[in-house]
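# Overview (structure and organization)
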Amino acid sequence: DFTMRAGEVHTLMGENGAGKSTLIKALTGVYSITSGTIKVKGEERTFRTTSDAQAAGISTVYQEVNLCTNLSVGENVMLGHEVRGPLGIDWRATHREAARHLSSLGVTIDTRSALATHSIAMQQLVAISRAMVTDARVLVLDEPTSSLDRSEVERLFGVIRDLRDRGV
């Protein structure tokens, strides 16, 4: 059994092959579970896709940051959630929303800048911001500090504490 409550931070540790990645993939809809149950807010849920998990408020940021470095910061944050207008994507509004989501994590950055021009640490914050666009209540970070230096880890932990304080 594993229970998470709002505003808690957990660390899952174990040897290679212990099932950490399998648990993450089951929680986020990458794998369908064959036994046991997943409950969200006391309600049993079945996740057939990552969209199912996101709809239940569960998002993840994998160790290999899954972003498009050829796109802008704002395009990456809002990918799949762009603001639409009568003529298609409203890029001005999309970048405004991206800036709002980044700002909620304490990140101030030009959303029109190319993602490739930013550090891995900044790219990770962009990935976390993208995960939070769906109003995630559970955020799973897979080895988030593995490629960060000490100051970048401290910044990441500050973001995690802030999310915790908001009940994520």
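Shown above is the structure to which this text applies.
A short tour of the structure in this document, coming up. If you're wondering where the values come from, they're calculated on a predicted model, not measured in any experiment. (Residues numbered from 1 in each chain as written. Predicted model: local features only at pLDDT ≥ 70, side-chain atom pairs only at ≥ 80, totals over all residues. Heavy atoms only, no water.)

### Some thoughts on the overall build of the chain
Looking only at helices and strands, the chain features six helices and six strands. Seen in sequence order, the chain has helices and strands lined up from the N terminus as α-β-β-α-β-α-β-β-α-α-β-α. In terms of overall dimensions, the chain has C-alpha extents of about 45 × 45 × 30 Å along its principal axes. Residues classed as buried in the chain amount to 36% of the 168 residues present. (Helix = DSSP H or I, 4+ residues; strand = E, 2+ residues; numbered from the N terminus. Buried < 20%, exposed > 50% of the residue type's maximum accessible area, 1.4 Å probe, protein only.)

### A closer look at the side chain of histidine 95
Structurally, the position occupied by histidine 95 is in helix H4 (residues 91–103). Residues within four places of histidine 95 in sequence aside, it is in contact with Ser72, Gly74, Glu75, Thr111 and Arg112. (Contact = heavy atoms within 4.5 Å.)

### What about a nonpolar patch on the surface?
Together, Phe2, Met4, Leu12 and Leu23 line one region of the surface with nonpolar side chains, adding up to about 350 Å² of accessible area. As for its placement among the helices and strands, phenylalanine 2 is situated in the segment before helix H1 (20–27). (Patch = residues over 30% accessible without salt bridge, like charges linked within 9 Å, V, L, I, M, F, W, Y side chains within 5 Å. Areas by Shrake-Rupley, 256 points an atom, 1.4 Å probe, with all protein chains shown as cover. Salt bridge = Lys/Arg side-chain N within 4 Å of Asp/Glu carboxyl O.)

### Side note on the nonpolar core
Val77, Ile128, Leu139 and Leu163 are the most contacted members of the largest nonpolar core, which has 29 residues in total. Among the elements of the structure, helix H3 (73–78), H4, helix H5 (120–132) and helix H6 (150–165) are those that each provide at least two residues to this core. For this core, the leading source of residues is H5, giving eight residues. Ignoring any residue separated from it by four or fewer positions in sequence, one finds isoleucine 128 in contact with Val61, Leu105, Leu139, Leu141, Leu156 and Leu163. (Core = buried A, V, L, I, M, F, W, Y, C linked by side-chain atoms within 4.5 Å.)

### Overview of the side chain of threonine 134
With respect to the helices and strands, the residue threonine 134 is situated in the loop between H5 and strand S6 (138–141). Within polar-contact distance, the side chain of threonine 134 engages the side chain of serine 59 at 3.2 Å. (Polar contact = N/O pair within 3.5 Å; in protein donor to acceptor, adjacent residues only side chain to side chain.)

### Quick word on H6
Here H6 spans 22 Å end to end across 16 residues, near enough to the 22 Å set by a 1.5 Å rise per residue. Taken residue by residue, H6 has Val153, Leu156, Val159, Ile160 and Leu163 as its buried positions. Looking down the long axis of H6, one finds its buried residues gathered within 120° of arc, a one-sided arrangement. Exposed and facing more than 90 degrees away from the buried side of H6 are Arg150, Ser151 and Asp165. The inward-facing, buried residues of H6 abut H5 and S6. Remark: glycine 167 follows H6 within two positions and exhibits a positive phi of approximately 90°. (Expected span 1.5 Å × (residues − 1). Arc of directions from axis to C-beta.)

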